[in-house]
Amino acid sequence: QVQLVESGGGLVQAGGSLRLSCAASGLFFNTYTMGWFRQTPGKERDFVAAISWTTSYADSVRGRVAISRDNAKKTVYLQMDNLKPQDTGVYYCAARRGLSVITTDVGYDNWGQGTQVTVSS
C-alpha cells in the first residue's frame, strides 16, 4: 500500500529555515501529484504547496516556500525560509494519483503521519 513518511520538522526561531522531506513507497511516484498541508489545533488542514509537472503555492507562503521532488528517490521536499510564527502547525504530506494539481485536501487519497513545525517569535 501507499506509505508516506515525513521528516524534518522541529523548533525554529522566526526568520529561520526548515526543509521537510516526504519519502513515498508503494506507488508509481512519477504519476502522482504530491502536496503539503498544514493543520493547527481545532482547524482544518490548509493547503501549503503541491507539485506535479507544475507547482502551486498558498498565497500565505508564496515567495518563502519552495516545493520540489526527486522522482528517482520518490521523495518530495518543502524548503521553508523566513519562517513566521503563523507557519506553526503539523505539516502533512499527501499524494493523489494523476498530474492535476489540487489545492484542497479532499482531492488527496494518501496521507503521512505529519511532522510538527514550531516557529517561535
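Relevant structure appears above.
Every residue gets a number counted from 1 within its own chain, in the order that chain's sequence is written. Reporting of local features is limited, given that this is a predicted model, to residues whose pLDDT is at least 70; pairs of side-chain atoms are given and counted only at 80 or more, and all residues count toward the totals for whole chains, interfaces and linings. As a convention, hydrogens and water are excluded, and side-chain values are obtained from all of the structure's heavy atoms.

**Some remarks on the pattern of salt bridges**
Whenever a carboxyl oxygen of Asp or Glu lies within 4 Å of a side-chain nitrogen of Lys or Arg, that contact is scored as a salt bridge. Scanning the model with the defined rule gives four salt bridges in all. Across the salt bridge formed by D87 and R38, the nearest N and O atoms sit 3.9 Å from each other. With a gap of 49 residues between them, D87 in the loop between β8 (75-80) and β9 (89-97) and R38 in strand β4 (residues 32-39) connect regions that are remote in the sequence. Working definition: with a 1.4 Å probe on protein chains only, accessible area under 20% of the residue-type maximum means buried, over 50% means exposed, and in between means partly exposed. Note on D87: relative accessible area 3%, which makes it buried. R38 sits in the buried class, given a relative accessible area of 10%. When salt bridges with common partners are traced through the structure, they connect R38, R64 and D87 into a single cluster. Here a strand is any run of E in DSSP of at least two residues, a helix any run of H or I of at least four, and the numbering for each starts at the N terminus.

**A closer look at the nonpolar core**
Nonpolar cores are built from buried Ala, Val, Leu, Ile, Met, Phe, Trp, Tyr and Cys residues. Side-chain atoms within 4.5 Å join them into one set. Counting residues in hydrophobic clusters, the biggest one holds 33 residues, and the most contacted among them are M34, W36, I67, V76, L78, M80 and Y91. At the level of elements, β3 (18-25), β4, β5 (46-51), β7 (65-70), β8, β9 and β11 (115-120) are the ones that each hand at least two residues to this core. When residues of this core are assigned to their parent elements, the largest contribution, five residues, is made by β5.

**Focus on the state of the cysteines**
Cysteine sulfur atoms are paired as a disulfide whenever they come within 2.5 Å of each other. Evaluated as defined, the whole model comprises one disulfide. Disulfide partner of C22: C93, at an S-S distance of 2.1 Å. The sign of the -80° torsion about the S-S bond sets the C22-C93 disulfide as left-handed. One end of the pair, C22, is in strand β3; the other, C93, is in strand β9, with 71 residues separating them in the sequence.

**Quick word on the sheet that holds β8**
The four strands lie next to each other as β1-β3-β8-β7, forming an open sheet whose pairing is antiparallel. Where the open sheet ends on each side, the last strands, each with one partner, are β1 (3-7) and β7. Pairwise comparison of adjacent strand axes, ignoring direction, gives a mean angle of 15° for this sheet. Paired strands, as defined in this entry, are two strands with at least two bridges between them according to DSSP. Inspection of the sheet shows β7 paired to β8 by six bridges, in the antiparallel sense. Across the sheet, V65 pairs through a bridge with M80, a residue of β8. Axis lines are fitted to C-alpha atoms, over the contacting stretch for helices. Their N-to-C directions set the angle, which ranges from 0 to 180 degrees.

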